[in-house]
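Architecture at a glance
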Amino acid sequence: ETGVTQTPRHLVMGMTNKKSLKCEQHLGHNAMYWYKQSAKKPLELMFVYSLEERVENNSVPSRFSPECPNSSHLFLHLHTLQPEDSALYLCASSQGRPGGNTGELFFGEGSRLTVL
Amino acid sequence: AQSVTQPDIHITVSEGASLELRCNYSYGATPYLFWYVQSPGQGLQLLLKYFSGDTLVQGIKGFEAEFKRSQSSFNLRKPSVHWSDAAEYFCAVVRGSARQLTFGSGTQLTVLP
């Protein structure tokens, strides 16, 4: 069982659909992250949860709504997305914040989202 | 302003040749620096990190990186590249009081047989 698992791996949705991405970490970490990876652009940090509390929200449009019900699970709820939201969405976890005790993020394999 | 710059979008080397991937950062204090690798269809994996101390850092898979404060650089090196090293490589820095991890735009490595 891998450390950070993301489902689904691929998702195609229309602009009026509502869908969710799921992330689960089996590493006992206390912080979880959503990143957006678009072609030709640096990874963009979207949200950070530490001890189930959202600690960062980097000006992400409200059509993206995160949820962290416990320290092992993280969701990204998607609603009325735009074609430019098509990207690879990466979930990560860490023990403490980056630059803390380990400084390492453990990434899932990502969910490839296509918005038609 | 971008905090991390990877000047090379794409690099091609022959198997067995040496490799150097460049990374420059713009940050007043000494940042925490990282190199990650992303193989096709995979997430990112940490290769190595620098927090303080010895400026030459050893990582996994035979990679090393050297922190040079005077040049604001943290270049990744490997003396002999293997075909399995073909992937995209990301330099990252932790900056600011919010301790946000910021990634460079990545360097795609192609390895020729």
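First, a word on what this report is: a plain description of the structure on this page. (Residues numbered from 1 in each chain as written. Chains lettered and ligands numbered in written order. Predicted model: local features only at pLDDT ≥ 70, side-chain atom pairs only at ≥ 80, totals over all residues. Heavy atoms only, no water.)

This part is about empty space enclosed by the protein. Residue and element names in this part refer to chain B. Tallied over the entire structure, the rule returns 1 cavity of 30 Å³ or more. In this model, the largest cavity occupies a volume close to 50 Å³. Lining of the largest cavity is provided by Val-37, Ser-39, Leu-47, Lys-61, Phe-63, Ser-84, Asp-85, Ala-87 and Tyr-89. Counted by class, the lining of the largest cavity contains 5 nonpolar, 2 polar and 2 charged residues. (1 Å grid on protein atoms, 1.4 Å probe; cavity = no way out; pocket = protein on both sides within 12 Å on 5 of 7 lines; lining within 4 Å. Points joined across faces, edges and corners; volume = space filled by probe spheres on them. Nonpolar A, V, L, I, M, F, W, Y, C, P; charged D, E, K, R; others polar.)

Turning next to the environment of Ile-9 of chain B. Residues and elements named next belong to chain B. Mapped onto the elements, Ile-9 comes out in the loop between strand S1 (4-5) and strand S2 (10-14). Separated by 37 residues in sequence, Ile-9 and Leu-46 place their C-alpha atoms 20 Å apart. With sequence-adjacent residues up to four places away left out, Ile-9 is seen in contact with Gly-106, Thr-107 and Gln-108. (Helix = DSSP H or I, 4+ residues; strand = E, 2+ residues; numbered from the N terminus. Contact = heavy atoms within 4.5 Å.)

The next point concerns the state of the cysteines. Each disulfide is one covalent bond, formed between the sulfur atoms of two cysteines. This structure, assessed with the given rule, holds 2 disulfides over all chains. In this model Cys-23 of chain A forms its disulfide with Cys-91 of chain A; the gap between the sulfur atoms is 1.9 Å. Between Cys-23 of chain A and Cys-91 of chain A the sulfur-sulfur dihedral comes to about -75 degrees; the bridge is accordingly left-handed. With a gap of 68 residues between them, Cys-23 of chain A in strand S3 (residues 18-25) and Cys-91 of chain A in strand S9 (residues 87-94) connect regions that are remote in the sequence. When sorted by exposure, Cys-23 of chain A lands in the same class as Cys-91 of chain A, which is buried. The disulfide partner of Cys-23 of chain B is Cys-91 of chain B, and the gap between their sulfur atoms is 1.9 Å. (Disulfide = S-S within 2.5 Å. Buried < 20%, exposed > 50% of the residue type's maximum accessible area, 1.4 Å probe, protein only.)

The subject of this paragraph is the nonpolar core. Counting 26 residues, the largest nonpolar core has Leu-19, Trp-35, Leu-47, Leu-48, Phe-74, Leu-76 and Tyr-89 of chain B as its most contacted members. For this core, the elements supplying multiple residues, two or more each, are S2, strand S3 (19-21), strand S5 (32-38), strand S6 (44-50), strand S8 (64-68), strand S9 (73-78), strand S10 (87-95) and strand S12 (107-112) of chain B. If we ignore the near neighbours within four places in the chain, the residues touching Leu-76 of chain B are Leu-19, Glu-20, Leu-21, Trp-35, Leu-47, Leu-48, Phe-63, Glu-64, Ala-65 and Tyr-89 of chain B. In terms of nonpolar packing, the next biggest core, distinct from the first, is built from 22 residues, Trp-34, Met-46, Phe-64 and Cys-68 of chain A among them. (Core = buried A, V, L, I, M, F, W, Y, C linked by side-chain atoms within 4.5 Å.)

A word on the packing of aromatic side chains. Inspection of the entire model under this criterion finds 15 aromatic pairs over all chains. With centroids separated by 5.8 Å and ring planes inclined at 35 degrees, the aromatic side chains of Phe-64 of chain A and Tyr-89 of chain A adopt a geometry described as tilted. One end of the pair, Phe-64 of chain A, is in strand S7 (residues 64-70); the other, Tyr-89 of chain A, is in strand S9, with 25 residues separating them in the sequence. Overall, the relative accessible area of 0% leaves Tyr-89 of chain A in the buried class. Members of the aromatic cluster, connected to one another through ring pairs, are Tyr-33, Tyr-35 and Phe-107 of chain A together with Tyr-32, Phe-34, Tyr-36, Phe-51, Phe-90 and Phe-103 of chain B. (Phe/Tyr/Trp six-rings, centres within 6.5 Å; stacked < 30°, edge-to-face > 60°.)

Residue and element names in this part refer to chain A. Here strand S2 (residues 10-13) shows a buried face lined by Leu-11 and Met-13 and an unburied face lined by His-10 and Val-12. Alignment of S2 against strand S11 (residues 111-115), held across 4 bridges, turns out to be parallel. The partner of His-10 across the bridge, within S11, is Arg-112. (Pairing = 2+ DSSP bridges.)

Bringing the pattern of salt bridges into the picture now. All names here are of chain B. What the rule picks out here adds up to 7 salt bridges over all chains. For Glu-66, the salt bridge is made with Arg-77, and the minimal N-O distance between the two is 3.2 Å. Of the two residues, Glu-66 is situated in strand S8 and Arg-77 in strand S9; the sequence distance between them amounts to 11 residues. Judged by relative accessible area, Glu-66 falls into the partly exposed class, the value being 23%. Shared partners join several salt bridges into a network, and the residues in it are Glu-64, Glu-66 and Arg-77. (Salt bridge = Lys/Arg side-chain N within 4 Å of Asp/Glu carboxyl O.)

Moving on, we come to the layout of surface pockets. The space that makes up the largest pocket amounts to roughly 580 Å³. The biggest single contributor to the lining of the largest pocket is S10 of chain B, with 3 residues. For the lining of the largest pocket, the residue count by class is 6 nonpolar, 12 polar and 6 charged. One number sums up the size of the second largest pocket: a volume of about 400 Å³. Lining the second largest pocket we find 22 residues, and of these Phe-107 and Glu-109 of chain A together with Gln-42, Gly-43 and Leu-44 of chain B sit closest to its centre. Only strand S1 (4-7) and strand S10 (106-107) of chain A together with S5 and S6 of chain B provide two or more residues apiece to the lining of the second largest pocket. Of the residues contributing to the lining of the second largest pocket, the split by class is 8 nonpolar, 10 polar and 4 charged.

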